[in-house]
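So the chains spell out like this:
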Amino acid sequence: MQEIKKYVEENKERFLEELFELLRFPSVSADPKYKGDVLKTADFVAQKLREAGADQVEVCQTAGYPIVYGEKIVDASLPTVLVYGHYDVQPADPLELWHTPPFEPTVREGKIYARGACDDKGQFYMHVKAFELMMQTNTLACNVKFMIEGEEEVGSNNLSIFVKENAERLKADVVLISDTSMISMENPSIETGLRGLAYMEVEVVGPNRDLHSGVYGGAVANPATILCKMIASLHDENNHITIPEFYDKVVELSDEEKKALNSAPFDLEDYKQDLNINAEWGEKGYSTLERTGTRPTLEVNGIWSGYTGEGAKTVLPSKANAKISMRLVPNQSSKEIAAIFTKHFESIAPDNVTVKVTEHHGGEPVVTPTDSVAYRAAEQAIADSFGKKPIPTRGGGSIPIVALFEEELGIKSVLFGFGLDSDALHSPNEKYDVFNYYKGIETLPLFHKYFAELSK
Ligand code: BES
Ligand code: MN
Ligand code: MN
């Protein structure tokens, strides 16, 4: 532990400067305009893995953005840790809400502000630096494989293919991922579940062109109004989702599980204050932690129709659109849910419009074990470095590839995240605490140490 702290202390500035270099690449996978930057980011990550001491470093081409692979096999008899992360980021819009530009990382009050600071560049880069530390101090206790992808934020489609085709090369005893949150630095925690996702787009079409709202209004159905009504009908007065069969496979938590989940430190007043809302919302009969951790949900991500420019234009729009996603919990399948959504949405459309539903990417929910050697290693590593045993929690976000690692490779994951829910992931002014970055670099070598010890 002393040796680890000393190495981090001596290399602090460089560790931060390197992360800044990584954050300066606008590696937005969703927007083709950044293609060149995304590709450069992959090369940068590969270079840093080489410098840290990884062998077989390769920028693996796919039909989309490349996957960066590297490994250090010390001894075939040692356990192998597969580190997964993503070097792509979400779009930075709306740009005008950023206090400093998203791709010019800046430290204010001990926090690094940049798109990707927490999700996931700041977090996966801790593994690269922890690996460097273990190489330099001759303390690498496990074999390590790195797989850093560039399409997580757009559904990891090509990674799925890569994983299937490279099962042998990716053989490992655990997948270690830092791409989730902790409750706080005072209350360290480990997420033990991720929700799945079914992402849909809907279009409601009325007349064959935008119409004069005076000449035709009142006599022709307005697709914007119809779409709003259809969307509003998807929740009932208890905020329960109304789609038939939607909850059929959802398992209720036992009273014991509920108790454990709700015993995690959580202050509803702080929560509301942080978001500047007067009241929380959600499915009747469930607490906020249950709603985000264990219940499926349906959200409108975006909605558009008609005239939205400056001033006023009197128009009855020809069509209206929305992007709608559903978060899924264990036993729900994204394909099945997409299908029942489509069927239901088509069925509630009135005769005066036509409806088109298309399916975007999806992903399956996962629950990770808390009785595995890997979980115990993570628990011990945190206990050592934070002086406190971590609390297991259920995360609300999704990392679809985690379920696939289980299915295709037969490997379970440990969600070893050091972010905070308040880090503004996907929002303007995303941040990552400098403290958390260094803390992660200090904690990860302990995981490797305990994983090797406990695997014996
Ligand atoms: N790192 C997040 C997921 C996450 C965040 C999990 C916080 C737990 C806590 C990941 O990059 C992400 O944003 N995933 C997307 C899904 C993807 C298919 C676009 C999500 O959850 O919306
Ligand atoms: Mn992420
Ligand atoms: Mn993300």
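Right, let's walk through the structure included here.

## Some points on the overall build of the protein chain
On a plain count of helices and strands, the protein chain comes out with twelve helices and 21 strands. For 456 residues, the compact-globule estimate of 2.2 N^0.38 gives 23 Å, and the C-alpha radius of gyration of the protein chain, at 23 Å, lies within 12% of that figure. Over its C-alpha atoms, taken along the principal directions, the protein chain stretches across nearly 80 × 50 × 45 Å. Taking all 456 residues of the protein chain together, the buried fraction comes to 54%. Taken as a whole, the protein chain presents about 20600 Å² of accessible surface, with 49% of it coming from carbon and sulfur.

## Concerning the site of ligand 1
Near ligand 1 there are 18 residues, and of these Glu152, Asp179, Arg327, Ser398 and His426 occur at the shortest range. Within the side chain of aspartate 119, an N or O atom sits 3.0 Å from an oxygen atom of ligand 1. At a separation of 2.7 Å, an oxygen atom of ligand 1 approaches a polar side-chain atom of arginine 327. Of the residues belonging to the shell around ligand 1, the class tally is five nonpolar, seven polar and six charged.

## Thoughts on the pattern of salt bridges
Opposite charge on two side chains permits them to pair, given that their charged atoms come into close proximity. Here the structure, examined in full by the defined rule, presents 24 salt bridges. Close ionic contact of arginine 14 with glutamate 132 constitutes a salt bridge, the shortest N to O distance being 2.7 Å. Highlighted residues: arginine 14 in helix 1 (residues 2–23) and glutamate 132 in helix 3 (residues 121–136), separated in sequence by 118 residues. Overall, arginine 14 belongs to the partly exposed group, its relative accessible area being 32%. Since its relative accessible area comes to 7%, glutamate 132 is described here as buried. When the shortest N-O distance is used, the salt bridge between glutamate 406 and lysine 412 registers 3.2 Å. By relative accessible area, which is 42% here, lysine 412 ends up partly exposed.

## Some remarks on the coordination of the manganese ion (ligand 2)
Every protein donor of the manganese ion (ligand 2) is accounted for by His86 (NE2), Asp119 (OD), Asp179 (OD) and Asp179 (OD), and the metal-donor separations fall at 2.0 to 2.4 Å. Taken together, the six donor atoms surrounding the manganese ion (ligand 2) define angles of 56 to 166° at the centre, an arrangement classified as irregular. Donor residues for the manganese ion (ligand 2), ordered by position in the chain, follow H-x32-D-x59-D. Distance-wise, the manganese ion (ligand 3) is placed 3.6 Å from the manganese ion (ligand 2), both being coordinated by aspartate 119. Of this pair, histidine 86 sits in strand 3 (residues 80–86) while aspartate 179 sits in the loop between strand 7 (174–177) and strand 8 (181–182), and the two are 93 residues apart along the sequence.

## As for the coordination of the manganese ion (ligand 3)
Within the first shell, the manganese ion (ligand 3) binds the protein through Asp119 (OD), Glu153 (OE), Glu153 (OE) and His426 (NE2), at distances of 2.1 to 2.6 Å. Coordination at the manganese ion (ligand 3) is irregular: its six donor atoms span angles of 55 to 155° at the metal. The sequence pattern formed by the donor residues of the manganese ion (ligand 3) is D-x33-E-x272-H. On the basis of relative accessible area, aspartate 119 is assigned to the buried category, the value being 8%. Of the residues examined, histidine 426 reaches a relative accessible area of 41% and is grouped as partly exposed.

## A few points about unusual backbone geometry
Residues aspartate 93 and proline 94 are joined by a peptide bond in cis, for which omega reads 0°. Summarising the element assignment, proline 94 is placed in the loop between strand 3 and strand 4 (106–108). One non-glycine residue, glutamate 109, lies in positive phi territory at about 45°. The residue glutamate 109 is located in the loop between strand 4 and strand 5 (111–113) in this model. Residue glutamate 109 is classed as exposed on the basis of its relative accessible area, which comes to 77%. Residues other than glycine seldom take positive phi values, yet asparagine 239 does so here, at roughly 60°. Structurally, asparagine 239 can be placed in the loop between helix 5 (223–232) and helix 6 (255–262).

Definitions and limits used
- Each residue is numbered by its place in its chain's sequence as written, counting from 1.
- Chain A is the first chain written and ligand 1 is the first ligand written, with later ones labelled in order.
- In view of the model being predicted, local features appear only for residues whose pLDDT reaches at least 70, and side-chain atom pairs are presented and counted only at 80 or more, with totals across whole chains, interfaces and linings using the full set of residues.
- Only hydrogens and water are set aside when side-chain values are computed; all heavy atoms of the structure are taken into account.
- In this description a helix means any DSSP run of H or I spanning at least four residues, a strand means any run of E spanning at least two, and both kinds are numbered starting from the N terminus.
- Radius of gyration here is computed from C-alpha atoms only, and the compact-globule reference equals 2.2 Å multiplied by the residue count raised to the power 0.38.
- Using a 1.4 Å probe on the protein chains alone, a residue whose accessible area is under 20% of its type maximum counts as buried, one over 50% counts as exposed, and one in between counts as partly exposed.
- In short, Shrake-Rupley with a 1.4 Å probe defines the accessible areas, and a residue's cover is counted only from the protein chains shown.
- Here a residue is considered near a molecule or strand provided that any single heavy atom belonging to it is located within 4 Å of it.
- Side-chain atoms alone can form a polar contact between residues adjacent in sequence; in general such a contact is a pair of N or O atoms within 3.5 Å, and within protein one must be able to donate a hydrogen while the other accepts it.
- For this scheme, ten residues count as nonpolar: Ala, Val, Leu, Ile, Met, Phe, Trp, Tyr, Cys and Pro. Four count as charged, namely Asp, Glu, Lys and Arg, and the remainder, Gly too, count as polar.
- Only one rule defines a salt bridge in this text: a Lys or Arg side-chain nitrogen within 4 Å of an Asp or Glu carboxyl oxygen.
- Only nitrogen, oxygen and sulfur atoms within 2.8 Å of the metal, or 3.2 Å for Na, K and Ca, are treated as donors, and water is left out, so sites may look incomplete.
- Tetrahedral means four donors with every angle between 85 and 135 degrees, whereas square planar (four donors) and octahedral (six donors) require angles over 155 degrees between opposite donors and between 65 and 115 for all others; sites fitting neither are termed irregular.

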